[in-house]
Every structure is written in C-alpha cells, then in structure tokens.
There are 2 protein chains.
Amino acid sequence: MSRAINFGAGPAAIPLQALERARDEMLDYAATGMSIMEQSHRGSAYLAVHRDARERLERLLQLPPTHAVLFLSGGATTHFAQVPMNFLKVGQTAEYVLTGGFSEKAQEAASFYGAARISHSTRDSDGVYRRVPNPTELPIDTTAVYVHTTSNNTLFGTQFREFPSTGNVPHVCDMSSDFLSRPIDAAKFAFVYAGAQKNIGPSGLVIAVASKEFLRSGRRDIPQIFRYQAILENDSLLNTPPTFAIYLARAVLRWLEEEGGVLAMEARSKAKARLVYDALDAAKDFYDAPVELESRSRMNVVFRCSNPVRDEEFLAQAAARRMVGLKGHRATGGIRASLYNAVSVADARALATFIKEFADRKG
Amino acid sequence: MSRAINFGAGPAAIPLQALERARDEMLDYAATGMSIMEQSHRGSAYLAVHRDARERLERLLQLPPTHAVLFLSGGATTHFAQVPMNFLKVGQTAEYVLTGGFSEKAQEAASFYGAARISHSTRDSDGVYRRVPNPTELPIDTTAVYVHTTSNNTLFGTQFREFPSTGNVPHVCDMSSDFLSRPIDAAKFAFVYAGAQKNIGPSGLVIAVASKEFLRSGRRDIPQIFRYQAILENDSLLNTPPTFAIYLARAVLRWLEEEGGVLAMEARSKAKARLVYDALDAAKDFYDAPVELESRSRMNVVFRCSNPVRDEEFLAQAAARRMVGLKGHRATGGIRASLYNAVSVADARALATFIKEFADRKG
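Residues numbered from 1 in each chain as written. Chains lettered and ligands numbered in written order. Predicted model: local features only at pLDDT ≥ 70, side-chain atom pairs only at ≥ 80, totals over all residues. Heavy atoms only, no water.

1. Section: the overall build of chain A
- From N to C terminus, chain A includes 10 helices and 14 strands.
- For 363 residues, the compact-globule estimate of 2.2 N^0.38 gives 21 Å, and the C-alpha radius of gyration of chain A, at 21 Å, lies within 12% of that figure.
- Seen through its principal axes, chain A has C-alpha atoms that stretch 60 × 55 × 30 Å.
- Sorting the 363 residues of chain A into buried and exposed places 63% on the buried side.
- In chain A, 67% of the contacts between residues at least 6 apart in sequence involve partners at least 24 apart.
- Accessible surface computed for chain A: about 13,300 Å², of which carbon and sulfur atoms make up 48%.
- The average position of the 43 basic charges and that of the 39 acidic charges among the side chains of chain A differ by 1 Å. (Helix = DSSP H or I, 4+ residues; strand = E, 2+ residues; numbered from the N terminus. Rg over C-alpha atoms; globule rule 2.2 N^0.38 Å. Buried < 20%, exposed > 50% of the residue type's maximum accessible area, 1.4 Å probe, protein only. Contact = heavy atoms within 4.5 Å. Areas by Shrake-Rupley, 256 points an atom, 1.4 Å probe, with all protein chains shown as cover. Lys, Arg positive; Asp, Glu negative; His and termini not counted. Charge placed at Lys NZ, Arg CZ, Asp CG, Glu CD.)

Structure below.
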C-alpha cells in the first residue's frame, strides 16, 4: 500500500495521523469495547470528544467569549439556505458579494427568504471569476441585515487576502475551503461557516463560528432544529450530531495543534502556493493561470495547458506519479491543485517539479 | 480488546464485519491510496459505493419502480421539519398520529408550515405512551396532504405491528428505529425516512424511500437544497453527501444481505424480543414492563425494576458483564434494551439470562 498524493478539491486529503487513529480505534474506542460511532451522543465517551473538539477550535481560533463554535450537519450548501432562513425576512435586504460559483448558489438560496442583493460581482462577461474585489469596491448598504462573502473560491481559484470591512453590518462568511489555513479575527465576523471536507474532516459536517449576539437576533418563527440559537443553547447536541465526523475532525484538530496551529498552516500554505505558482509562472507560455496575481488562492491553484489537448496528458502522467485529484471542476475544466492543510510542502514540491518537467518535455 | 454487548438506543451497535472493513480500508480504499472519505464524491471510486448502497437498499426493500431511495444529511429531527417544508403549506392540513416523544417533535415542527392536526394520540394522562392505536382508531381526514406516523417508538418501546391504512392520503412514516428490521410494503408509503444510527450506520445520515409521484408534488418555492425532488433528480449528489456514512451504511447493507435480508432480520428480531420479554414476564413481580402486549416494540424493550432503587444496581451489574447502553432515556428513566439488527440472538439470550439471574438473586 502506498498512499496517493491527494490534490482533490474536496472531499480532500486528511492527515495520515488522524486516519491511523480512526483505524486503530475502530473496534474499540478508549477501552469501551465499541467504536466511537456506536456510542450514545449523551454518553461520557462521546461527550469528551465533542467538548475536546470544540475547545480545540476555540483555542486554534483564539475565540473571544463573544463567539461560539457550532457543529452542524449537512454541507455548506445546506447553510446557504439555513443562514437566510435564520437571519433574513421578507422586507429585509442581505448583501451578497459574488466571487464564484458557490457565492452564486448562496445568493440564490437567500432569495427565497428576502431580498438578496448582489452588492458586487467580479464575474467577467465570459462567466469566469478572475479576481476578488478590492475592499474599496464594496459599498455596503448600512441597512442590510448581513453581508455575505466567500473567503476562497474553490472553482476558480480566487481568495480574499484581506477581508472587506462591513462596518456595522454583520459579516457572514463561507470559509469552507480555507478555514483553519490561516488566522482569522473572529470578532470581525458575525457568522463563519465551513463544510468539513476540505480542511477539517469527512463530509456531512459543517463547523460554524458565530457571534452569540448575532445568533440571538435570529428568527424564532422557524422549527427549532433550524435555529442556530437553539443549536448553541444545546452545545450542538439538540439532536444526534454526526458523531463520527466530529470525532475525526477532532483527530485532525489535534494534528493541527501539534503541527503548530493556524500560523504554521498559513506559513506552509504560502510556501506550498509559492512552489506551485512559481512553477507555473516559470513556464508562462506553456500554462495558463487565469487568476489575477493579488487574488490568487493559496488553497486551489487553477490552471490549464495553453494547448488544451495537453491537459489530459498532464493528468494521466501526474496520476502515474500517484498525484491525483488534479482534474478541474466539471464546470470549468482544466487542472486544479488543491493545497489544503493535509497536503505537505513536499507534496507541493513534487507537483511543482512535475509541472516544470512536463513543460520542459512538451514545450 | 473485547467488544462490549451494545444495547444502546442510538447511535447503536454496528455489525463487526462492517467496522472491520472500515478499519482495513481506512488508509487505502480499493488500492486508490486514499480513504473513501478522501475521495471526490464525483469520482468513480465513491460513485460505485454510492450506487451499490442505493441498489442494495432497492433489493432489500424490493422497491417498486414507482419508488426511489434518497440519501439525506442530518437526522430524523431535520426531516421532521423538512418534510412539512416540502409538502405542507399554509391553508393545508397534515395529520399526525402521536405515539411517542419523537412523533410529538415531528408534529411541532410541522406546525410552522401549516395545520399539523393531531389526528390521534395514545399519550396517557401521566405523559407515558403505552400502546399504538388500532387501525380502527384512526379516522383519516381525506383532504389531508399526508398522514404522519412513527413506526417504532424508541423512548417508550411501542411499535406498530400493522400499519394503519391511510386510504388515498399519502402516508409519511418515520421508521428511524426499525428500518430494515422487517419487510415493508414500500408501495403503501409516500415517504419513509430513517436516521441511520439505529440499524444502518453512523449518525449524520438519513435514508428515505419515497414515491416519485409524491416527490413531484412537493413545493418548488423553497431553496433547491431542501427539495427532495431535487435530491432525487441528482441521485442524492446535489451537494457533497456524507460519503463516509454512506460507505459505512453500504458495508452494513452488505452484511445484512449476506445474513439473509430483512426476512432474516425479522425472524431474529422476533426471537430476540421473545427472549427478553419472556424473561421479564417470568419475573413479573420483580420487573415492570409498561407497554401493552400487542404494542410491544421488538426494537426497544422498556422496563424497570418494580423497586426502582434496583435499576442502578441492575445497570451496574450488567455493565460488569460488558452489557452496556441499557440506561433508559433521560426523559423516562428506567432500563431500555435496544435490539437492533447488529445485536445478535446470543446477545439477547445473555441479557435474558441476566434478567432472570438478577431477579432470582434480589427477588
């Protein structure tokens, strides 16, 4: 058995240490004689895991007491709808900043609940997003109930390096694809959410970090299971949470802390992205990397061969080197290398070397 | 390492064979060099798992072509709300048959969307449910958009032996706690849903079996991610599904087919329930089993010691014999033995023997 080098965009690579732990504990978690997934979510074994996962997140994000961690089920797409269900009513306006395919979906879901105004879009006339807006390009309607942004765009490979200021308007941010890859100032956000399957663990789990005040402001005329405030009041145990996914996420968080936390992840992210973008830039005639320099994502490096027939060959030769998950999103085609936390600098270096060799051989 | 005998009510025991498979494949699924949870949900490795899980369910339930399987996220509680969101509008009425705590929750969630009429309740004046209604006790309003029932009541230990006929009114049924423990005539149901963590796999996954015609009748003025019809049209891949949970469920379904399918599970269920109830009935003065004979659940055997101070001792001595998960629900107290599919006849026999011995020693 040799492990692949997984550049998939999500579900994505998980640190080996977390998988080994899950394997070793599969039949018997902590001498209970049961897998963690066979344990009651009200029992002491699981509750200790649940609490530890939450506390690790609080530490990793240096969460202020004004903010709390929620474990939610579904995916980010679920919360594209559940966020406006909680915070947007008919007659109110929420602002959506469109920087890619998933922010479009978020805006569309919100439009079922109230006015989901597109305050800005960086979509070019050909449907491609090549940059994120400058903070100055974002005039915020101060009467909006929230502003929604997407921190990193998985499909097109753009990322906010600095987040726009939203003034007094609550800032809701989908951080699915770069959560825990860098420090954030949680106090500046009203509601951050992230599908687990990029940087945290298995799909089916969403982690949210939210202002308690913002949660309190949510609607009460919706079923309890949809109310984030009710989830908070029940420490994410209002119903049976996805216990195995939270257990696995906790194993990833433990690895992440041992590796040096989000600052270490950020340093690695920069190094990994530099290796790959530098290799692409050094072979500018051979590869196309369409994203503007200052908007380039450190998480998802999107490119293609200038001669598009070469893309398939690139992917096949990469696969022969055990580098997988490089195929671009079905909506965009081309090539995409995702460099989430579990992808090592050595993995990125191997890819950079291959990018250079392939161009040298074919160019 | 010795495995516990897990009588937990959910999350609950999972067949050893499925856990062993998950353990063995954790670092490398099918020679891909990755765990199944690290694979794209659009990739061939995962898609084969997804399809196989769906097809096994279709076979196990002998699903007619009028009906389809959906993989959903969240828990049954999520769908207490999502079902009426799809099928109930202001001005319409749905009928709820209350037979326990979870049907109360389902009715409450529905009341946010339209009239959720309690067509019948078997709740006694002390708040306890001791039986399910006879079919004749259920006068159905033929103008209702659906009738909602709960096939098995985990908290109080009651179960429909025969389902009431709902005539032309679509029958929606929460089968969370007895799904796949017996054959069902799927054609008689418009929408069956079941949280996975009792008989199918890990929490965070819900399996639904639905009439395609009923799904088509659902509302379209809700976000796509909540529309069951949209989930069906996308073969439960509208967004990233809980892939590891589906993978594990598939391993359980494979075990279930190898063991002889739902008829074999039903035969075992009867045998297991008989062993435990017979032991309780043989020590009538020592134990209280409050559920009426013909409503007794084969899944959750609810009882207590007539002298309630003995309950704690019972639980402690059982735990010393590696029998765990026997504590009653926090809302009811007492003792509860859950006999889901992964609990063997030998496990039930061990419990029955202990029930007898404990009464002999203390009685």
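2. A word on the sheet that holds strand 10 (residues 205–211) of chain B
Residues and elements named next belong to chain B.
- The 7 strands lie next to each other as 2-10-9-8-5-3-4, forming an open sheet whose pairing is mixed. Every interior strand has two partners, whereas the edge strands, strand 2 (67–73) and strand 4 (115–121), have only one. Sheet twist, expressed as the average angle between the axes of neighbouring strands with direction ignored, equals 20 degrees.
- Direction of pairing for strand 5 (residues 147–150) relative to strand 8 (residues 171–174): parallel, over a ladder of 4 bridges. Its bridge partner being in strand 8, Thr 150 is matched across the sheet by Asp 174.
- Helix-sheet contacts for helix 2 (residues 44–60) involve strand 2 and strand 10, and the interaxial angle to strand 2 is about 130 degrees.
- Sitting on the sheet, helix 3 (residues 76–87) touches strand 2, strand 3 (93–98), strand 8, strand 9 (191–195) and strand 10, and the angle it makes with strand 9 is about 155 degrees. (Pairing = 2+ DSSP bridges. Axes fitted to C-alpha atoms, helices over the stretch in contact; angles between N-to-C directions.)

3. Focus on the sheet that holds strand 12 (residues 300–305) of chain B
All names here are of chain B.
- The strand order across the open sheet built from 3 strands is 11-12-14, with neighbouring strands paired in antiparallel fashion. At either end of the open sheet lies a strand with only one pairing partner, and these are strand 11 (287–288) and strand 14 (335–338).
- Pairing of strand 12 with strand 14, which is carried by 4 bridges, proceeds in the antiparallel orientation. Across the sheet, the residue bridging to Val 302 is Arg 336, located in strand 14.
- The strands touched by helix 9 (residues 310–320) are strand 11, strand 12 and strand 14; relative to strand 12, the strand with the most contacts, the crossing angle is about 125 degrees.

4. Some words on the nonpolar core
- Counting 94 residues, the largest nonpolar core has Phe 179 and Phe 244 of chain A together with Phe 179 and Phe 244 of chain B as the members making the most contacts within it.
- Residue contacts for Phe 244 of chain B: discarding those within four places in its chain leaves Met 26, Met 37 and Phe 244 of chain A together with Ala 22, Met 26, Ile 36 and Met 37 of chain B.
- Within the second largest apolar cluster, 74 residues are counted, among which are Val 83 and Phe 156 of chain A together with Tyr 96 and Ala 210 of chain B. (Core = buried A, V, L, I, M, F, W, Y, C linked by side-chain atoms within 4.5 Å.)

5. Remarks on the relation of the copies chain B and chain A
- Least-squares fitting of chain B to chain A yields an RMSD of 0.0 Å, with the transformation described by 0.0 Å of translation along the axis and a rotation of 180 degrees. Both chain copies can therefore be described as sitting about a two-fold axis. Using C-alpha coordinates, one finds that chain B approaches the rotation axis most closely at Arg 23 of chain B, a distance of 2.3 Å.
- Comparing interface residues between copies, 100% of those in chain B also lie at the interface in chain A; the contact surface is shared. (Least-squares fit on C-alpha atoms with pLDDT ≥ 70 in both.)

6. Brief notes about the packing of aromatic side chains
- This structure, assessed with the given rule, holds 44 aromatic pairs over all chains.
- Ring centres of Phe 303 of chain A and Phe 314 of chain A lie 5.7 Å apart, and the angle between their planes is 85 degrees; this geometry places the pair in the edge-to-face category. Taken together, the residues Phe 303 of chain A in strand 12 (residues 300–305) and Phe 314 of chain A in helix 9 (residues 310–320) connect sequence positions 11 residues apart. Judged on exposure class, the residue Phe 303 of chain A and its partner Phe 314 of chain A are both buried.
- With 4.0 Å between their ring centres and 20 degrees between their planes, Phe 87 of chain B and Phe 214 of chain B make a pair best called stacked. With Phe 87 of chain B in helix 3 and Phe 214 of chain B in helix 5 (residues 212–216), the pair connects residues that are 127 residues apart, well separated along the chain. The pair Phe 87 of chain B / Phe 214 of chain B is uniform in exposure class, with both members buried. (Phe/Tyr/Trp six-rings, centres within 6.5 Å; stacked < 30°, edge-to-face > 60°.)

7. Overview of the interface of chain B and chain A
- The partner chain A presents 60 residues to the 60 residues of chain B that form the contact.
- Among the residues chain B hides against chain A, the three largest losses belong to Leu 27, Met 37 and Glu 38 of chain B. Together they make up 15% of the total.
- Where chain B meets chain A, there are 2 salt bridges.
- For the interface between chain B and chain A, the tally reads 16 residue pairs in polar contact (both at pLDDT 80 or more).
- Mapped by element, the contributors of at least two residues to the side of chain B that touches chain A are helix 1 (16–24), helix 3 and helix 7 (243–258) of chain B.
- In terms of residue class, the side of chain B that touches chain A is made up of 29 nonpolar, 21 polar and 10 charged. (Buried area = accessible area lost by both parts, 1.4 Å probe. Salt bridge = Lys/Arg side-chain N within 4 Å of Asp/Glu carboxyl O. Polar contact = N/O pair within 3.5 Å; in protein donor to acceptor, adjacent residues only side chain to side chain. Nonpolar A, V, L, I, M, F, W, Y, C, P; charged D, E, K, R; others polar.)

8. A closer look at unusual backbone geometry
- The amide bond that connects Gly 10 of chain A to the next residue, Pro 11 of chain A, takes the cis arrangement and shows omega of -10 degrees.
- Take Pro 11 of chain A: it is sitting in the loop between strand 1 (5–6) and helix 1 (16–24).
- We note that Leu 180 of chain A has phi near 65 degrees; this positive angle belongs to a residue other than glycine.
- With respect to the helices and strands, Leu 180 of chain A occurs in the loop between strand 8 (171–174) and strand 9 (191–195).
- Note on Leu 180 of chain A: relative accessible area 2%, which makes it buried.
- Non-glycine residue Ala 30 of chain B carries a positive phi angle of around 50 degrees.
- Following the sequence through the fold, Ala 30 of chain B ends up in the loop between helix 1 and helix 2.
- Judged by its relative accessible area of 53%, Ala 30 of chain B is exposed.

9. Overview of the packing of helix 7 (residues 243–258) of chain A against helix 8 (residues 261–281) of chain A
All names here are of chain A.
- Relative orientation of the contacting elements helix 7 and helix 8 amounts to 75 degrees, with a least axis distance of 7 Å. If you check the angle between helix 7 and helix 8, you find them roughly perpendicular. In contact with Trp 255, Leu 256 and Glu 257 of helix 7, helix 8 contributes Gly 261, Val 262, Met 265 and Arg 268. (Parallel < 35°, antiparallel > 145°, perpendicular 65-115°, else oblique.)

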